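Survey of secondary and tertiary structure
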Amino acid sequence: MTPYYEQDGITIYHGDCREVLAELDHMLIDVVITDPPFSIPVKYHDTEGDYPRSWGDIVVMEPFFSDVFRQLRRVCKPHAQVYVCCDGQSYPIFFKASLPLWPQSHLLIWYKPTGRRGRGWQHSHEEILHLRGPQTEYADGFRQDLIGIMPVRTLDREHPAEKPGDLWMWLLEAAPIHYKRICDPFMGSGELLSVARACSREAIGIEIDERYCEIAAKRLSQAALAF
């Protein structure tokens, strides 16, 4: 594979993450932190004659993410930590796809104090599925599984679902310093790669949309020049 960007231990690949992951070495990755697209494709309305909801609308995502999780398990080391952002509707799919592959899991909650979306009940949190095994290690320190961090302001986002660097830092700091190689198979605009480099870690980012590869590469290049 030819990287889209490669410098100072940070590598970006442009392509379908399933295909790129299949080309990576076995047991290469120490930490996976990622925010996959998890919106349910079918839309509903409140007017008469709407499409009825069904379990099939959700499980249409299952074959894709089952393949993604299989590839992630192959490239992860036995001690790896895995963090996958999700919501109440996508969590069942992610949990089902990962259950046969990782012996332990935990659900973290990212609380967004300024959450404003929603009807009746304001949407102010997201879930993060954490996968681990018996050999998984953690850095010293006490951590709660409820994480209160401000989201990125809409006007400041370079990607519609951009997560704050502070959230990625919080998760990454749970990994011991010898967990050197990070992977984000749904890289977006590359915020995690910037955080990984700031923490002196290597990182691999994969993104299927080339415009975001370009944004991430430019961000990393500018940060390198500033440094």
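Preceding this section is the structure that the text describes.
As a starting point, this report considers the structure included with it. All of these numbers come straight from a predicted model, not from anything done at the bench.

Glancing now at the pairing of strand 5 (residues 104-111). Within a regular beta strand, the side chains point alternately toward one face of the sheet and then the other, so they alternate between its two faces. Taken together, the 8 bridges between strand 5 and strand 6 (residues 125-132) define a ladder with antiparallel strand orientation. Directly across from Tyr111, in strand 6, lies its bridge partner His125. In terms of strand pairing, strand 5 meets strand 7 (residues 146-148) through 3 bridges, oriented parallel. Bridge pairing in strand 7 places Ile109 opposite Leu146.

Right, let's get into the side chain of His159. Note that His159 resides in the loop between strand 7 and helix 5 (165-172). Reaching out from His159, the side chain makes a polar contact with the backbone nitrogen of Ala161 at a distance of 3.0 Å. Beyond its immediate sequence surroundings of up to four residues, His159 is in contact with Gly188, Ser189 and Tyr212.

To continue, consider the packing of aromatic side chains. In the structure shown here, the tally under the stated rule is 7 aromatic pairs. Ring geometry for Phe69 and Trp102: centres 6.4 Å apart, planes at 80°, overall edge-to-face. With Phe69 in helix 3 (residues 62-75) and Trp102 in the loop between helix 4 (91-98) and strand 5, this residue pair connects regions lying 33 residues apart in the sequence. For Phe69, a relative accessible area of 2% corresponds to the buried category. Here a set of aromatic residues connected by ring pairs shows up, and it is made of Phe64, Phe65, Phe69, Phe94, Trp102 and Phe186. Between the NZ or CZ atom of Lys112 and the centre of the ring of Trp110, over which it lies, the distance is 5.0 Å.

Turning our eyes to something else, we now look at the pattern of salt bridges. What the rule picks out here adds up to 14 salt bridges. Across the pair Lys112 and Glu126 runs a salt bridge whose closest N-O atoms are separated by 3.0 Å. A residue pair is termed long-range when its members are at least 10 positions apart, and Lys112 in the loop between strand 5 and strand 6 and Glu126 in strand 6 qualify at 14 residues. In terms of burial, Lys112 and Glu126 fall into one category: buried. Its salt-bridge partner being Glu126, residue Lys163 comes within 3.5 Å of it at the nearest N-O pair. With Lys163 in the loop between strand 7 and helix 5 and Glu126 in strand 6, this pair connects stretches of sequence that are 37 residues apart. Under the relative-accessibility criterion, Glu126 is labelled buried at 10%. One network of salt bridges, in which partners are shared, links Asp35, Lys112, Glu126 and Lys163.

A separate point is the sheet that holds strand 6. The strand order 1-2-9-8-3-4-6-5-7 describes an open sheet built from 9 strands, whose pairing is mixed. Each edge of the open sheet is held by one strand with a lone partner, namely strand 1 (5-7) and strand 7. On average, each strand axis in the sheet is inclined to that of its neighbour by 15°, with strand direction left out of account. As judged from the 3 bridges shared by strand 1 and strand 2 (residues 10-14), these two strands associate in the antiparallel manner. Across the sheet, residue Tyr5 finds its bridge partner in strand 2, namely Ile12. Strands strand 3 (29-34), strand 4 (76-86) and strand 6 of the sheet are contacted by helix 3, whose axis makes an angle of about 145° with strand 4.

Packing of helix 5 against helix 6 (residues 191-198) leaves a shortest axis separation of 9 Å and a crossing angle of 50°. If you check the angle between helix 5 and helix 6, you find them oblique. Our pair here, helix 5 against helix 6, has a crossing hand that is right-handed. Between helix 5 and helix 6, the residues in contact are Gly165, Trp168, Met169 and Leu172 and Glu191, Leu192, Val195 and Ala196, respectively. Grouping the constituent residues of the contact of helix 5 with helix 6 by class yields 6 nonpolar, 1 polar and 1 charged.

Cut-offs used in this document
- Residues numbered from 1 in each chain as written.
- Predicted model: local features only at pLDDT ≥ 70, side-chain atom pairs only at ≥ 80, totals over all residues.
- Heavy atoms only, no water.
- Pairing = 2+ DSSP bridges.
- Helix = DSSP H or I, 4+ residues; strand = E, 2+ residues; numbered from the N terminus.
- Polar contact = N/O pair within 3.5 Å; in protein donor to acceptor, adjacent residues only side chain to side chain.
- Contact = heavy atoms within 4.5 Å.
- Phe/Tyr/Trp six-rings, centres within 6.5 Å; stacked < 30°, edge-to-face > 60°.
- Buried < 20%, exposed > 50% of the residue type's maximum accessible area, 1.4 Å probe, protein only.
- Lys NZ or Arg CZ within 6 Å of the ring centre and 35° of its normal.
- Salt bridge = Lys/Arg side-chain N within 4 Å of Asp/Glu carboxyl O.
- Axes fitted to C-alpha atoms, helices over the stretch in contact; angles between N-to-C directions.
- Parallel < 35°, antiparallel > 145°, perpendicular 65-115°, else oblique.
- Left-handed = near helix turned anticlockwise from the far one by under 90°.
- Nonpolar A, V, L, I, M, F, W, Y, C, P; charged D, E, K, R; others polar.

Functional significance is not addressed by these values, which are geometric in nature.
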